[in-house]
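# Architecture and fold: a report
Chain by chain, the residues run as shown.
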Amino acid sequence: MIKLKVNGVNRQFDGDPEMPLLWYLRDDLDLKGAKFGCGMGLCGACTVHLNGKTVRACSTPVSAAANAAITTVEGLSSDGTHPVQVAWQELDVPQCGYCQAGQIMSACALLAKNPKPTDADIDTAMNGNLCRCGTYLRVRAAIHKAAELTASNTTKPATKPVAKTSRAGANLLPRNSGKK
Amino acid sequence: MTKTNLNRRSFLQVTALAGGGVLFGLYPKAAALAQGARGAQASLQPSSFISIASNGLVTITAKNPETGQHARNMLPMMIAEELDVEWKDIKIVRADLDAKYGSQFSGGSTATPGNWEPMRQIGGAARHMLIAAAAQTWGVAESECSTASGRVIHKASNRSLGYGELASKAATMPVPDLKSLKLKDPKDYKIIGKTTIGAETKDVVMGKPIFGIDVTVPGMLYATFQKCPVYGGKAVSANLDAIKAMKGVKHAFIVEGQPITGNFMTSDPGLEPGVAIVADSWWAAQSAREKLEVKWDEGKWATQNSVDIAKKADEISKQPAARTLRKDGDVEAVYKSGAKVVEGAYIYPFISHAPLEPQNCTAHFQDGKMEIWATSQTPQNGRGMVSRILGIPENNITIHLVRGGGGFGRRLNNDYMCEAAWISKTVGAPVKLLWTREDDMQHDYFRPGGFQYLKGAVDSNGKLVAWQDHFIGYGDGERFTASGNIDGGEFPARFVPNFLMQSSVMPLGLKTGALRAPRSNVYAWVFQSFIDELAHAAGKDPVQFRLDLLSSGTPGGMNAERMIGVVKLVAEKSGWGQRKLPKGTAMGIGFHFSHQGYFAQVAEVTVLANKKIKVNKVWSAGDIGSQIINPGAAENQTQGAVVDGMSELLQEISLKNGRVVQSNYHQHPMLKMSQTPPIEVHFIKSNNSPTGLGEPALPPILPAVCNAIFTATGERIRTLPITKQGFSFA
C-alpha cells in the first residue's frame, strides 16, 4: 500500500509499485494533464512535481512517490488563473499544446526557486522539455511574463523589496506542492 | 428551410430552430442529395456552421481537424467577421465528421485558400438575412440598416435589434444571391487580421482532456498492438496463452491483416498484421507485451539495409537515368563550351514525423455501428478504410475529431484507426489503442530519403546557364513512392535555358508519406544549396545571384515577382551584406515556393570549435496573399516551421536487417530551447487571395543554415543529417 498526496488529496495505491506514476495519474485518477510522449524521460511532456521538484512521471515508479506530494497541472488552479497559466494564455503559447502541461510544470518549478530568471536560466531549466511545434520562443517569453505577473501581484501590498522576491517565488508554487 | 446555390459544389441552407433561433449551413451538393431522403429532420441537427439562439448566443462550428495550426480559430474568424459579431461573444464548437460540412481535412496548407471565400460568404449571407428581418420589422429599407457587434442598427430612427431577437424572422427571409452578396471591404475588418487567442488554449494550459489520448469511454479497455519490426511481415504464432494469463489481460490475438507484397507503398495499406493485447489498463497491456514472444514471417524485406541502398544509388548514378522528366536546351553542349561546371551529390535520409502525441485511437463497436474518436487529419479517408476493412457501411461509422498532439502529416494516414476499430470489433467492447513512442517512430510513413546528383554551369558573366539533376528515389517503373516523387517543373526549371531533370527509382520495403511541406522540406535544401554552390562558382553574391536568376524566367508555375519581393525583403531586414561579421560567422539564404506560398529566409550562423553551430538569428519573409488572418498564430507557425526545419537537419531514420534502427527521441532528436535562435517574422501583403502558411514557411531554413555554414567554413553540406559531416548544434 502506497500513500501519497495528489493535488492536495490523500490517495492510496495498492497496484503494481513499479507502474510509472504517469499511468496512475492518467488512468487511475483521471488526471489527463500530464502526457505520454516517449516513456523514457526524454521529452518532458509528463512533467509533474514531486515535493516541489520536477520529475518525469513516465519513468518514475509509483513507489518513488510514496509519502510524497504530487502536483500536476490540474493542481495549479481550478480556473486557469495561476500566473504561469495566465501568461501562457496571454501570449497564446501553444500550437498543438501537447507538451505544454509539462512545459508549465517545469516553468513553475523554475520560478519557485528563481523568481526572476534570465534567458540563460530559463534555457537551462527548460531544455528537457521538447516542443515538437517549436514554441520555445513563446515559452521563454511567457516565463518572463509570469515572473512579471507574480512580482506585480506581490508588490502591491509589499513594501520591502526583499519580501517581494521571496514571496513572488513562493506564490508560484501551487498550494500543497512541496508540503506534506 | 431555404436553399440557394453558392457555387457549383455547394448551397446555403437556412433552417429555423425551435425556440426562435436560426441555423446557417453550407452544404456540399453531393451530401445534399444523399441527405434528401432523410428530409427536414436531418437538417435540424444543431451542428451547422452558425447557430443564433433567441437569447443572442452565437455559436460557430469549426469544421476542420485541429493539430495545432489554429484551424479552429481561423475558419470561425472568417465567419464571425462577415457576420459582424464580437469575437469575444461567440462560442466555438468543434464539428464531428459529417458530410454537411463539406471537406474536413487538415493538410496541404489548404484551410485558408479552400475556405476563404465560402466561410466569409456564409457569414455575410447570415448578416444579410438578419438585416432583411430587421428592415421588415421596422418597415424601412435594408439599405438604411447597418450592423455592429451582433446588432442590426437603423441609425435614422436610433433603433436597433440584437441578432437573437431577429433570429426566427431571419430564417424566413429570402436567401441572398451569393454571387452578388457584398462582402466587407478589408479595411473594415475587425477580426480578420487581428490576433485571436487559440479557442482551446485555456483548456490546454489547464490540462483538460481534449487530446486523442485523453478520450475515455465507459467500460473502455486498453490495447497495444505489436507489428512485425520488418515492414510487410506477419505473425505466424505467439505465446498467447501465457499473455492471456497475465494480470489485467483480457484478450490477446493475432490479427491477420493485409500483408503488403508489392515493391513499395503508395498510400494507406489498410490493416497491417500484428498481435493485439487488450487489458483493463494500458500499463497492464504494455507490461504483458514485454513478455510477448512472436514468431514472425518477416517477408521479403528482411535483409533491407540503408548501407546497401546507398551503394545501389551510387551505382545507379553512374548509369544513364531511367527517365527524362524535362529537357530544355542542351546541357552537354554548355559543359563543352568552356562554362564553369559544378557537380554535387546531395544525399538525405528518411525521417520520422515524431509528433509528440503517439498515434492512438478509441473505437467502440456496438450493434453493428462503429463510433471512433480519432486525431486523423483525413477522417473521411479513415472512415472509408474502416468501412472497407471491417465491412461496416460508412453511414454506420461515426467519427469524432479529437485534437491531435501534432500532425505534421502523420495523421493523414489512418492505420491506427483501422487497428483500433478492428480490435474493438473483435473484443466487442470500447477500446483505446495507444502506441508507444517506439511503435510511432518505427511504423511511421516516413519522409522518403533520396539521392540527387546535380551538375550545373555558369558562364563567364556569372549567369546560370545549365542545370542537371539525376534524382534517385524509390518506386517501381514510372511510379514513385508516396511523397517521394519529383517532376520536371521543379525550380529552377523555366529559369535556366539548358535544363535536364531525370529520375531513376529503386524498390523499397517501407511506408512513406507526406511530412510537413512534403518534397519541398528537402528538395529546397538540395536546390537552394546547389544554387549557392553555383553563385560562389560565379563569384556572385548569393542574394544577387538569386535575384538575377529569378529575373530570367519564362511564364508558368511560381510567380517570380512575388519571390523577388520576399528575397529582397529578407535581405533588407537581415542587413544582408550591410553588416561586418566576425570570422567564423556568416549569413546564408534560401527561398522556396510551395503550397502557393512564397518564402525566403536568412540565417546568421557562428561555427564554433568542433563544428558546433550556433544559429544567432533567423529572418523570415513570406508572401501568402493579401491577409494574414491571425497574425499572432501566423508568427507562431512561422517560428515553429523554422525550429522544425532546423530539427530536420539533425534527423535520420535508417534501416538494418529490414528494421528501423531509431526508436525514440534520443536517436531522432529535435531542437531544444537553448538552440532556438530569435526568429524575426515578416510578411508582404500582396494583392493575391490568402493562402496557407503551415507548410511553405519551413523549407527555406534548411539551405539557409547550410549556406551560412559554407560561407563561414568553406565546407559544403551535401549530406543530411549534418552530423554525417561532423556538425551539430551547440
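See the structure above.
The strands making up a sheet associate through backbone hydrogen bonding, with each pair oriented either parallel or antiparallel. All names here are of chain B. Strand order in the open sheet formed by 3 strands is E7-E8-E9, and the pairing between neighbours is antiparallel. Single-partner strands in this sheet number two, and they are strand E7 (145-148) and strand E9 (159-162). With strand direction ignored, the average angle separating the axes of adjacent strands in the sheet is 25°. Summarising the sheet, E7 and strand E8 (residues 151-154) pair through 4 bridges and their orientation is antiparallel. The residue bridging Ala148 from the neighbouring strand is Arg151, located in E8. Seen against the sheet, helix H4 (residues 111-138) touches E7, E8 and E9 and runs at an angle of roughly 45° to E8. Sitting on the sheet, helix H5 (residues 163-170) is in contact with E7, E8 and E9, with an inclination near 75° to E9.

How big an interface is tends to be reported as the loss of accessible area on association of its parts. Between chain A and chain B, the residue contacts involve 52 residues of the former and 58 residues of the latter. Where chain A abuts chain B, roughly 4,500 Å² becomes buried across the two surfaces, and 61% of that area is made up of carbon and sulfur atoms. Applying the counting criterion to the chain A and chain B interface returns 4 salt bridges. In this structure, Arg26 of chain A engages Asp214 of chain B in a salt bridge whose closest nitrogen and oxygen atoms are separated by 3.0 Å. At the surface where chain A touches chain B, the tally comes to 24 residue pairs in polar contact (both at pLDDT 80 or more). Elements that contribute at least two residues to the side of chain A that touches chain B include exactly helix H1 (21-28), helix H2 (83-90), helix H3 (100-113), helix H4 (119-126) and helix H5 (136-155) of chain A.

A few words now on the layout of surface pockets. Residues and elements named next belong to chain B. If you add up the space inside the largest pocket, you get close to 690 Å³. Breaking the lining of the largest pocket down by element, the ones donating at least two residues are helix H3 (71-83), H4 and helix H17 (631-648). Split into classes, the residues belonging to the lining of the largest pocket amount to 16 nonpolar, 23 polar and 2 charged.

A few words on the sheet that holds strand E20 (residues 431-434) of chain B. All names here are of chain B. Overall, mixed pairing links the 7 strands, which are arranged E12-E13-E10-E20-E17-E18-E19 in an open sheet. For this open sheet the edge positions go to strand E12 (249-255) and strand E19 (397-401), each flanked by a neighbour on one side alone. Geometrically, the sheet is characterised by an average inter-axis angle of 20° between neighbouring strands, direction not taken into account. Bridge count between E12 and strand E13 (residues 274-279): 6 bridges; the pairing is antiparallel.

All names here are of chain B. In total, this model carries 9 cavities of 30 Å³ or more according to the counting rule given. Computed from the structure, the largest cavity encloses a volume of approximately 70 Å³. Taken together, 13 residues make up the lining of the largest cavity; nearest its centre are Pro229, Tyr231, Gln442, His443 and Leu510. Looking at which domains feed residues into the lining of the largest cavity, each of domain 2 (214-300 + 359-434) and domain 3 (307-350 + 446-729) gives three or more.

Attention now moves to the nonpolar core. Trp88 of chain A together with Trp467, Trp525 and Ile722 of chain B are the most contacted members of the largest nonpolar core, which totals 177 residues. A per-element tally of this core places helix H14 (residues 520-538) of chain B first, with 11 residues. Beyond its immediate stretch of four places on either side in the chain, Ile722 of chain B contacts Ile613, Leu649, Leu650, Cys706, Ile717, Phe727, Ser728 and Phe729 of chain B. By size, the runner-up hydrophobic cluster in this structure holds 46 residues, among which are Val22, Met74, Val85 and Ile90 of chain B.

Residue and element names in this part refer to chain B. Close contact between H14 and helix H18 (residues 701-713) brings their axes to 8 Å; oriented N to C, the two are set at 30°. In terms of axis orientation, H14 runs roughly parallel to H18. In this structure, H14 crosses over H18, and the sense of that crossing is right-handed. Note on element contacts: H18 touches H14 through Leu702, Pro703, Cys706, Asn707, Phe710 and Thr711, opposite Asn521, Ala524, Trp525, Gln528, Ser529, Asp532 and His536. Residues of the contact of H14 with H18, tallied by class, amount to 6 nonpolar, 6 polar and 1 charged.

All right, on to the packing of aromatic side chains then. Two aromatic rings, taken as a pair, are described by how far apart their centres are and by the angle between their planes. Residue and element names in this part refer to chain B. A full pass over the atoms with the stated rule returns 19 aromatic pairs over all chains. Ring plane angle 75° and centroid distance 5.2 Å describe the contact between Tyr346 and Trp525, whose orientation is recorded as edge-to-face. Taken as a pair, Tyr346 in strand E16 (residues 340-348) and Trp525 in helix H14 lie far apart in primary sequence, 179 residues in all. When its relative accessible area of 0% is taken as the criterion, Tyr346 is described as buried. Owing to a relative accessible area of 0%, Trp525 belongs among the buried residues under this scheme. Here Phe491 and Phe591 contribute two aromatic rings whose centre-to-centre distance is 5.3 Å and whose plane-to-plane angle is 70°, an arrangement assigned as edge-to-face. Here the residue Phe491 occupies a position in the loop between strand E23 (479-480) and strand E24 (498-506), and Phe591 occupies one in strand E25 (residues 585-594), the gap between them amounting to 100 residues.

Parameters at a glance
Every chain's residues receive numbers from 1 upward, in the order its sequence appears when written. All chains are assigned letters beginning at A, and all ligands numbers beginning at 1, according to the order in which they are written. Confidence filtering applies because this is a predicted model: local features only for residues at pLDDT of at least 70, side-chain atom pairs given and counted only at 80 or more, and all residues used for totals across whole chains, interfaces and linings. The side-chain quantities take in all heavy atoms of the structure and omit both hydrogens and water. Strands were regarded as paired on the criterion that DSSP finds at least two bridges between them. A run of DSSP states H or I qualifies as a helix once it reaches four residues; a run of E qualifies as a strand once it reaches two. Both are numbered from the N-terminal end. Angles here are taken between N-to-C directions and fall from 0 to 180 degrees, while the axes themselves are lines fitted to C-alpha atoms, restricted in helices to the stretch in contact. Contacts: residue pairs with any heavy atoms within 4.5 Å of one another. When two components associate, each loses some accessible surface as probed by a 1.4 Å sphere; the sum of these losses over both components is called the buried area. Salt-bridge detection follows one rule: a side-chain nitrogen of Lys or Arg within 4 Å of a carboxyl oxygen of Asp or Glu. Any pair of N or O atoms that falls within 3.5 Å is considered a polar contact. Within protein, one atom must be able to donate a hydrogen and the other to accept it, and sequence-neighbouring residues count only if both atoms are side-chain atoms. Grid points spaced at 1 Å and placed over the protein atoms alone form the basis of the search, with a cavity being a set where a 1.4 Å probe fits but cannot get out and a pocket an open set showing protein on both sides within 12 Å along at least five of seven lines. Lining residues have an atom within 4 Å of a point. Grid points are joined across faces, edges and corners, and a volume is the space filled by probe spheres set on the points. Side-chain classes are defined by residue name, with Ala, Val, Leu, Ile, Met, Phe, Trp, Tyr, Cys and Pro counting as nonpolar, Asp, Glu, Lys and Arg as charged, and the others, Gly among them, as polar. Note that domain bounds follow an automatic or database assignment of domains. Buried Ala, Val, Leu, Ile, Met, Phe, Trp, Tyr and Cys residues that are joined via side-chain atoms within 4.5 Å together make up what is termed a nonpolar core. Under the scheme applied here, a residue whose accessible area is under 20% of the maximum for its type counts as buried, over 50% as exposed, and between as partly exposed, the area being computed with a 1.4 Å probe on protein chains only. The labels follow the angle: roughly parallel below 35 degrees, roughly antiparallel above 145, roughly perpendicular from 65 to 115, and oblique for the rest. Take the far helix as your reference; a near helix turned counterclockwise from it by less than a right angle gives a left-handed crossing, and one turned clockwise gives a right-handed crossing. Each aromatic pair joins two rings of Phe, Tyr and Trp (for Trp, the six-membered one) with centres within 6.5 Å, and gets the label stacked for planes under 30 degrees apart, edge-to-face for over 60, and tilted for any other angle.

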